[in-house]
Amino acid sequence: MFGAALQPSPRAQAVLLLAAGALMLLFALDLFGVKAVGRLVPRPPASFSRAVRQTTKGRSALAPALLGLATVLVPCGVTLSVELIAITSGSPVAGAAVMAGFVLGTAPLFALLGYLFRRSARAFSGRLGIITGVVVLAVGLWTISSGLQAGGWVSFQPQSAQAAGATEAVRTDASGKQIVTVTVTSVYSPTAITAKAGVPTTLVLHGKGANGCARGFTIPALGIREIVETDADTEVDLGTPKAGTLRFTCSMGMVSGNINFQEGATR
């Protein structure tokens, strides 16, 4: 019941991503030895830190696994997005399935990274903290950029990414309603569309093997969130848009696009 009732808006989720990214930047600066951020970085109790250090030095085969499972608690944009999907699924079984799929899917990569770090610990003795800081800094900046896109505040989609056929994405049906079609695969196509303002408009999300985070389609400015059908059309009523740019993005802020509504636009 809690998951069904909790439906954060696209911008609320974007704010969580920004907060996670900011926290990771603090962690990175702390790893670099910047004393000014020391008081701002949340730290676990000393007893917990000692227990973790003792666990890492133990020879039990179970210790690394338990420590690795605990990394799901580390603030991360992707992890937060998946956790939100699990919470808002409205079903404990569906939520558990989402998190299980995420953990199983990422486990091989983290196992490989753990092995490489362990093997290289001696070679990079004294510099591992700096290297880790660089990685955390990069992930933090990526998370912030995703949050900004997920909130619809900016778009980092290059202009050259406009798909061919963007003009054919807009048509008018027999009733005079404007139909804007976006094809959804693992990305959106086209990513830049020009349509007429002041006309009743329906957005058609044409699923064509839709997969990945692109299925979690959002229009942050309107608070719209839709799960795109894998191989079917999903219709979204945009009302009568005013002149301006309407940005759309996936739920993680990784792929995005925009519809530019213009007065008297021709197609």
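Numbering of residues begins from 1 in every chain and follows the order in which that chain's sequence is written. The predicted origin of the model limits local features to residues at a pLDDT of at least 70 and limits the giving and counting of side-chain atom pairs to 80 or more, whereas totals for whole chains, interfaces and linings rest on all residues. To obtain the side-chain values, all non-hydrogen atoms of the structure were included, while hydrogens and water were left out.

Topic: the environment of Leu-40
Think of it this way: any DSSP run of H or I at least four residues long counts as a helix, any run of E at least two long counts as a strand, and we number them from the N terminus. Take Leu-40: it is sitting in the loop between helix H2 (10-31) and helix H3 (46-57). When its relative accessible area of 55% is taken as the criterion, Leu-40 is described as exposed. Separated by 14 residues in the primary sequence, Leu-40 and Leu-26 place their C-alpha atoms 7.4 Å from one another. For each residue, the accessible area found with a 1.4 Å probe, counting protein chains only, is set against the maximum for its type, and the residue is called buried under 20%, exposed over 50%, and partly exposed in between.

Some words on the pairing of strand E6 (residues 216-219)
In the case of a regular strand, side chains alternate between the two sheet surfaces. Of the two faces of E6, the one holding Gly-216 and Thr-218 and the one holding Phe-217 and Ile-219 are both buried throughout. Between any two strands, pairing holds if DSSP finds at least two bridges. Sheet topology places E6 next to strand E7 (residues 224-227); four bridges connect them, and they run antiparallel. Bridged to Thr-218 within E7 is Arg-225. In textbook terms, the turn of a hairpin is the stretch between consecutive antiparallel strands, and for E6 and E7 this stretch comprises four residues, one of which, Gly-223, has a positive phi near 70 degrees. Here E6 pairs with strand E9 (residues 244-250) via two bridges, running antiparallel. When the sheet's bridge partners are listed, Thr-218 is paired in E9 with Thr-249.

Things to note about the pairing of strand E10 (residues 256-262)
Taken across its seven residues, E10 has five buried, putting it largely inside the fold. Taken together, the five bridges between strand E4 (residues 192-196) and E10 define a ladder with parallel strand orientation. When the sheet's bridge partners are listed, Ala-192 is paired in E10 with Asn-258. By the bridge criterion, six bridges tie E9 to E10 in an arrangement that is antiparallel. Counted as the bridge partner of Thr-245 is Asn-260 from E10. Count of turn residues in the E9/E10 antiparallel hairpin: five residues, of which Gly-253 carries a positive phi of about 75 degrees.

With respect to the packing of aromatic side chains
When the centres of two rings from Phe, Tyr and Trp lie within 6.5 Å, Trp using its six-membered ring, the rings pair. Their planes under 30 degrees apart give stacked, over 60 give edge-to-face, and anything left gives tilted. Inspection of the entire model under this criterion finds three aromatic pairs. Judged by centre distance (5.6 Å) and plane angle (75 degrees), the ring pair of Tyr-188 and Phe-248 falls under edge-to-face. Taken together, the residues span a long stretch of sequence, with Tyr-188 in strand E3 (residues 188-189) and Phe-248 in strand E9 at a distance of 60 residues. Since its relative accessible area comes to 4%, Tyr-188 is described here as buried. Its relative accessible area of 2% is what places Phe-248 among the buried residues. An aromatic cluster is built from Tyr-188, Phe-217 and Phe-248, whose rings are joined through pairwise contacts.

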